[in-house]
Amino acid sequence: QVQLVESGGGLVQAGGSLRLSCAASGSTFSINAIGWYRQAPGKQRELVAAISSGGSTKYADYVKGRFTIFSDNAKNTVYLQMNSLKPEDTVVYYCNVGVYGTSSYYAMDYWGKGTLVTVSS
């Protein structure tokens, strides 16, 4: 079992930055990859970025160049650095444990409770 706790959400003006954190605990040795997802009201949860245990990363097209995912393995924490934020980035962000494939990230059923990011115009 793995437990995930997100933090770092909040209110920021358009063009600003936030850093989200995802702290993992429990059977962290079994983690292959961590993904950040986001979900707007009435919409499906979508993958924003993912990082493998080896440091490989992938991003959704709409965040490339603005968001960076990185990890601190000593702290069992994955971060999502979000720059140049836009009002449409206003959603709840979740982290997830999954499997990093060559072409896709496969989410497993381990989710945090989410952290809300609000970007004002």
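(A) Structural view of the pattern of salt bridges. According to the stated counting rule, one finds four salt bridges in the structure shown. Lys64 is the partner of Asp61 in a salt bridge, and the nearest nitrogen-oxygen pair spans 3.2 Å. A salt bridge links Arg66 to Asp89; the shortest N-O distance between them is 2.8 Å. Residue Arg66 is found in the loop between strand E6 (57-59) and strand E7 (67-72), and its partner Asp89 is found in the loop between strand E8 (77-82) and strand E9 (91-100); the two are separated by 23 residues along the sequence. Accessibility assignment for this pair places Arg66 and Asp89 in one class, buried. Each of Arg38, Glu46, Arg66 and Asp89 takes part in salt bridges that share partners, so that together they form one network.

(B) Up close: the state of the cysteines. The full count for this structure, using the stated rule, is one disulfide. Here Cys22 is linked by a disulfide to Cys95, with a sulfur-sulfur distance of 2.1 Å. A torsion of 70 degrees about the S-S bond marks the disulfide between Cys22 and Cys95 as right-handed. With a gap of 73 residues between them, Cys22 in strand E3 (residues 18-26) and Cys95 in strand E9 connect regions that are remote in the sequence. Of the two residues, Cys22 and Cys95, both sit in the buried class.

(C) Spatial organisation of a nonpolar patch on the surface. There is a patch of nonpolar side chains on the surface, built from Val99, Tyr106 and Met108 and spanning about 270 Å² of accessible area. Accessibility expressed as a relative area gives 48% for Tyr106, which makes it partly exposed.

(D) Region of interest: the pairing of E7. In terms of strand pairing, E7 meets E8 through six bridges, oriented antiparallel. Counterpart to Thr68 in the pairing with E8 is Gln81. The hairpin turn running from E7 into E8, its antiparallel successor, is four residues long, and Asn76 in that turn takes a positive phi close to 50 degrees.

(E) Molecular detail of the sheet that holds E3. As summarised here, the arrangement of the four strands in space is E1-E3-E8-E7, forming an open sheet in which the pairing is antiparallel. The open sheet has two free edges, formed respectively by strand E1 (2-7) and E7, since each of these has just one partner strand. Between one strand and the next, the sheet's axes are offset by a mean angle of 20 degrees, whatever the strand orientation. As defined by bridge partners, E1 adjoins E3 across six bridges and the pair is classed as antiparallel.

(F) Looking closely at the packing of aromatic side chains. Under the defined criterion, the tally for this structure stands at three aromatic pairs. Relative to Trp111, the ring of Tyr37 lies with its centre 4.9 Å away and its plane at 70 degrees, an arrangement referred to as edge-to-face. In this pair, Tyr37 is assigned in strand E4 (residues 33-39) and Trp111 in strand E10 (residues 105-111), connecting sequence segments 74 residues apart. For Trp111, a relative accessible area of 29% corresponds to the partly exposed category. Ring-pair connections join several aromatic residues into one group, and the members of that group are Tyr37, Tyr105 and Trp111. Its end group placed over the ring of Tyr94, Arg45 keeps NZ or CZ at 3.7 Å from the ring centre.

The rules behind these values
- Residues numbered from 1 in each chain as written.
- Predicted model: local features only at pLDDT ≥ 70, side-chain atom pairs only at ≥ 80, totals over all residues.
- Heavy atoms only, no water.
- Salt bridge = Lys/Arg side-chain N within 4 Å of Asp/Glu carboxyl O.
- Helix = DSSP H or I, 4+ residues; strand = E, 2+ residues; numbered from the N terminus.
- Buried < 20%, exposed > 50% of the residue type's maximum accessible area, 1.4 Å probe, protein only.
- Disulfide = S-S within 2.5 Å.
- Patch = residues over 30% accessible without salt bridge, like charges linked within 9 Å, V, L, I, M, F, W, Y side chains within 5 Å.
- Areas by Shrake-Rupley, 256 points an atom, 1.4 Å probe, with all protein chains shown as cover.
- Pairing = 2+ DSSP bridges.
- Axes fitted to C-alpha atoms, helices over the stretch in contact; angles between N-to-C directions.
- Phe/Tyr/Trp six-rings, centres within 6.5 Å; stacked < 30°, edge-to-face > 60°.
- Lys NZ or Arg CZ within 6 Å of the ring centre and 35° of its normal.

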